[in-house]
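Given next are the chains, with one letter for each unit.
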Amino acid sequence: MRFGLLLTSVHDRSVPVSRQIAEHHELISVAVDHGFDLVVAGQHFAAPTLRYLQPIPYLTSIAMRFPSVEVATGILLLPLHHPLTVAEEVATMDAVTGGRVIMGVGIGYSQNEFDAFGVDRTTRTARFEESVEIIRALWAGQPLNHNGRFYQLDAVELSTLPVQRPHPPIWVGAQVEASVRRAARVGDAWYAAPFPTHRQLVELYQAYREERAAHGNRARPTIPVRREVYIADSPAEAETAVSSGAASRYGTYRSWGLDVDDGLGFSDWLDSRFVLGSSSDVAEGLSYLMEQVEHSHFIYKPQWPGYDHAHAMAQLKRFGAEVIPLLSG
């Protein structure tokens with residue numbers, strides 16, 4: 001199993017962008033020193049409270065600065081983009097990085113983003129599936145004729161092809177059974193979101209494997225997984241420490257329209273999704289999940305709202321120095 005670092009936004013536009021970038025670079029340097037070889041960044045548009053650096057140009061710059069890492073868009077909001085644009089830009093990204101790109105994509109959820117782009121949110125699934133089909137076909141390197149519901153292409157051929165053949169891996173973000181089954185049909189891997197409970201993650205993985213087996217096994221059996229982790233001297237101390245940051249982070253998601261509620265009290269909500277406690281507690285919890293769900297990567301996030309950069313660095317160093325050896329031993 002490999003380890004990836006998720007870069008998140010904990011700053012708004014009032015903080016100099018140079019500071020946000022410098023903090024990310026420090027996190028990446030520490031992660032590389034501890035064996036991480038993947039950097040992941042996601043996408044939102046016109047976010048009112050957080051600054052999102054757009055992942056294709058940002059990750060390209062990171063890949064050039066840190067030549068030992070792969071980079072993954074985690075995720076591009078595919079229904080908001082024309083698939084020709086995505087195919088060209090990701091192919092260019094793959095070319096200039098020497099084939100170190102993973103394209104993570106999803107359908108999106110924020111009504112405000114769909115409104116801003118003038119896209120009917122109810123069409124997002126159909127747009128997504130058509131876009132993936134077009135991108136795969138364009139990356140094959142032949143002129144494409146496509147007459148679809150949303151996109152029409154007449155003998156269109158890419159000017160730049162990806163270095164990876166047949167193409168960069170396509171990870172599909174999903175968190176409910178229908179979308180997980182879609183990931184197994186149209187993607188190369190399901191990128192498991194952190195929002196389902198641990199039990200739901202295992203159940204969804206079984207659905208993924210069933211769908212993969214029923215559709216020719218193009219999708220990989222092992223998957224990249226995100227789980228929320230916080231390290232302290234005990235589970236109770238970890239829960240206390242992360243509670244405010246988690247409430248802030250997931251409150252933002254709710255305000256943007258993501259359904260992350262299940263009626264549990266906050267402590268039970270944390271316990272069912274987070275892996276908390278000492279380094280050995282965290283390693284034990286992750287090991288159990290890895291026995292149930294075959295991981296290709298574990299994607300780790302050290303940054304939480306309300307905590308400064310030094311705190312994120314300390315969490316990352318503990319995860320790298322104390323948890324990874326227990327998982328790899």
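See above for the structure.
The paragraphs below set out a description of the structure included in this document. (Residues numbered from 1 in each chain as written. Predicted model: local features only at pLDDT ≥ 70, side-chain atom pairs only at ≥ 80, totals over all residues. Heavy atoms only, no water.)

1. Description of the overall build of the chain
A tally of regular secondary structure across the chain gives eleven helices and twelve strands. The C-alpha atoms of the chain give a radius of gyration of 19 Å, which matches the 20 Å a tight globule of 329 residues would have. With the C-alpha coordinates aligned to their principal axes, the bounding extent of the chain is approximately 60 × 45 × 40 Å. Within the chain, the fraction of its 329 residues that count as buried is 58%. For the chain, the proportion of contacts with a sequence separation of at least 24, taken over those separated by at least 6, is 73%. Surface summary for the chain: the accessible area is close to 13400 Å², and the carbon and sulfur share equals 51%. (Helix = DSSP H or I, 4+ residues; strand = E, 2+ residues; numbered from the N terminus. Rg over C-alpha atoms; globule rule 2.2 N^0.38 Å. Buried < 20%, exposed > 50% of the residue type's maximum accessible area, 1.4 Å probe, protein only. Contact = heavy atoms within 4.5 Å. Areas by Shrake-Rupley, 256 points an atom, 1.4 Å probe, with all protein chains shown as cover.)

2. A closer look at the nonpolar core
Counting 89 residues, the largest nonpolar core has Trp190, Leu286 and Phe319 as its most contacted members. Sort the elements by how many residues they give to this core and helix 11 (residues 309-328) lands first, with seven residues. Those residues within four positions of Leu286 in sequence are excluded, and the remaining contacts are Arg227, Val229, Val275, Phe298, Phe319, Val323 and Leu327. Listed in part, the eleven residues of the second largest apolar core include Ala238, Val242, Leu270 and Phe274. (Core = buried A, V, L, I, M, F, W, Y, C linked by side-chain atoms within 4.5 Å.)

3. A word on the pairing of strand 4 (residues 101-106)
Most of strand 4 is tucked away: six of the six residues are buried. Because side chains alternate across strand 4, one face comprises the buried residues Val101, Met103 and Val105, and the other comprises Ile102, Gly104 and Gly106, equally buried. In this sheet, strand 4 lies alongside strand 3 (residues 70-77) in parallel orientation, the contact comprising five bridges. Residue pairing in the sheet places Val71 in a bridge with Val101 of strand 4. Relative to strand 7 (residues 170-174), strand 4 runs parallel, the two sharing three bridges. Bridge pairing in strand 7 places Gly104 opposite Trp171. (Pairing = 2+ DSSP bridges.)

4. Considerations on unusual backbone geometry
The residue after Gly74, namely Ile75, is reached through a cis peptide bond having omega 15°. With respect to the element layout, Ile75 can be found in strand 3. With phi around 50°, Ala46 is a residue other than glycine that occupies positive phi space. For Ala46, the location among the structural elements is in the loop between strand 2 (38-41) and helix 2 (55-65). A positive phi angle is found at Ala155, which is not glycine, with a value near 55°. Inspection of the secondary structure puts Ala155 in strand 6 (residues 152-156). Look at Ala155 and you get partly exposed, because its relative accessible area is 46%.

5. Re helix 3 (residues 83-96)
The periodicity of an α-helix, 3.6 residues per turn, causes residues three or four positions apart to be oriented the same way. Its 14 residues place the ends of helix 3 20 Å apart at the C-alpha level, agreeing with the 20 Å of an ideal helix rising 1.5 Å per residue. Listed in full, the buried residues belonging to helix 3 are Pro83, Val86, Ala87, Glu88, Val90, Ala91, Met93 and Asp94. Residues of helix 3 that are buried sit in contact with helix 2, strand 3, strand 4 and helix 5 (124-139). Positive backbone phi, approximately 70°, marks Gly98, located one or two places after helix 3. (Expected span 1.5 Å × (residues − 1).)

6. Considerations on the pattern of salt bridges
Within this structure, the stated rule accounts for 15 salt bridges. Asp37 is the partner of Arg2 in a salt bridge, and the nearest nitrogen-oxygen pair spans 3.1 Å. Of this pair, Arg2 sits in strand 1 (residues 2-7) while Asp37 sits in the loop between helix 1 (17-33) and strand 2, and the two are 35 residues apart along the sequence. The class of Arg2 is partly exposed, set by a relative accessible area of 30%. (Salt bridge = Lys/Arg side-chain N within 4 Å of Asp/Glu carboxyl O.)

7. Concerning the packing of helix 1 against helix 11
Taken N-terminus to C-terminus, the directions of helix 1 and helix 11 make an angle of 15°; their axes are 10 Å apart at the nearest point. Here helix 1 is positioned roughly parallel relative to helix 11, judged by the angle of their axes. Relative to helix 11, helix 1 is oriented so that their crossing is right-handed. In this structure, helix 1 uses Glu23, Glu26, Leu27, Val30 and Ala31 to contact helix 11, whose residues at the interface are His309, Ala312, Met313, Leu316 and Lys317. Partitioning the contact of helix 1 with helix 11 into residue classes produces six nonpolar, one polar and three charged. (Axes fitted to C-alpha atoms, helices over the stretch in contact; angles between N-to-C directions. Parallel < 35°, antiparallel > 145°, perpendicular 65-115°, else oblique. Left-handed = near helix turned anticlockwise from the far one by under 90°. Nonpolar A, V, L, I, M, F, W, Y, C, P; charged D, E, K, R; others polar.)

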